[in-house]
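As a plain string of letters, each chain reads:
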Amino acid sequence: MYNLKSFSMFPYLLLVALLPLSFAFAQVPKTVFVGADSIQMMLIPAGEFMMGDTSQGDHYPAHKVALDSFYMCSYEITCSQYQRFCEETARQRLPEFWRMPQFHNGPDYPRHPVIGVSWADAKDFAKWIGCRLPTEAEFEYAARGGFAERRYSWGDELNPDSANYKSDSTKVVGSYPPNAFGLYDMTGNVCEWVQDRYQDTYYMTSSERNPEGPESGRFRVIRGGGWHTGPGCVRVFHRNALPSNWQDINVGFRCVKSLSEK
Ligand SMILES: [Ca+2]
């Protein structure tokens, strides 16, 4: 039974109980750097959002998803970062379209996003820097930048000044303004491989918490639209997919890291 003395102690006990929790959050930096090239990653806070859209398509139905916090690369992985990976791991296979100037891919374009990499290439790079590919849900949540029910990362109107799409080539990463999470080119420049397999009806059965995609399927999801895609593909909920061994002029990637991963 509580007496007056124990009741008066309650605020102090609560403070003592919460201190470790607040201390833990205070220790989480907003920005971290990974790999030999000190690749910048931003903290994406845990939260819930409505994934998908109410219109017809494989992005239907819109459904609630809850995600844990994670770090995500501020920029798409560049040619120079991928070249270093190939050199330091003695990788036998370079990307497709490497040293082809018309695609701005290779050592002459160090700050352009690397293209011509397969899903496995992207996954290997991510592992090399102690990271992984984002899940499809993590990508859409991060691309929305905390904004719900928007058609594009920047709002509801298509704006060619906000992203590189339907153009002649990739551009130097970060050429357009970042979104509200401090991430660049989540829309456009290159489509980006994510971890999940593709299934057009997956949203009908997707789990609500930290979904990781269907368990089978030959195709892997690509997200965000790229320089070589039209306006429909830059919608923030738009889904697309390719065979996992495909190497494309319009597809690159970026990485994420869970807070629990060292
Ligand atoms: Ca992109």
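Above this text you will find the structure in question.
Criteria and thresholds
- Residues numbered from 1 in each chain as written.
- Predicted model: local features only at pLDDT ≥ 70, side-chain atom pairs only at ≥ 80, totals over all residues.
- Buried ≥ 20, exposed ≤ 12 C-beta atoms within 10 Å, placed from the backbone.
- Helix = DSSP H or I, 4+ residues; strand = E, 2+ residues; numbered from the N terminus.
- Contact = placed C-beta atoms within 7 Å.
- Pairing = 2+ DSSP bridges.
- Axes fitted to C-alpha atoms, helices over the stretch in contact; angles between N-to-C directions.

Visitor: Quick rundown of helix α4 (residues 119-128)? Include the residues and the values.
Guide: Spacing of three or four residues puts side chains on the same side of an α-helix, whose turn is 3.6 residues. Among the residues making up α4, those that are buried are Trp 119, Asp 121, Ala 122, Lys 123, Phe 125 and Ala 126. Elements in contact with the buried residues of α4: α3 (79-88), β6 (191-197) and β7 (219-223). Once α4 finishes, Gly 130 follows within two positions and takes phi at roughly 75°, a positive value.

Visitor: Go over the environment of Ser 207, please, and point to the residues and values.
Guide: Along the chain, Ser 207 falls in the loop between β6 and β7. Taking the C-beta count within 10 Å as the criterion, Ser 207 has 11 such neighbours and is therefore assigned exposed. Considered as a pair, Ser 207 and Val 65 are 142 residues apart in the sequence and their alpha carbons are 7.7 Å apart.

Visitor: For the sheet that holds strand β10 (residues 256-258), give the residues involved together with the corresponding values.
Guide: Spatial strand order, β1-β2-β5-β10: 4 strands in an open sheet with antiparallel pairing. In the strand order of this sheet, the two ends are held by β1 (31-34) and β10, each with one partner. Within this sheet the neighbouring strands show an average axis-to-axis angle of 30°, counted without direction. Of the strand pairs in this sheet, strand β5 (residues 70-73) and β10 are connected by 3 bridges, and their pairing is antiparallel.

Visitor: Give me helix α5 (residues 136-144): which residues, what numbers.
Guide: Burial within α5 is extensive, with 9 of its 9 residues counted as buried. Along α5, the residues classified as buried are Glu 136, Ala 137, Glu 138, Phe 139, Glu 140, Tyr 141, Ala 142, Ala 143 and Arg 144. A positive backbone phi angle near 60° is found at Gly 145, which sits one or two residues after α5.

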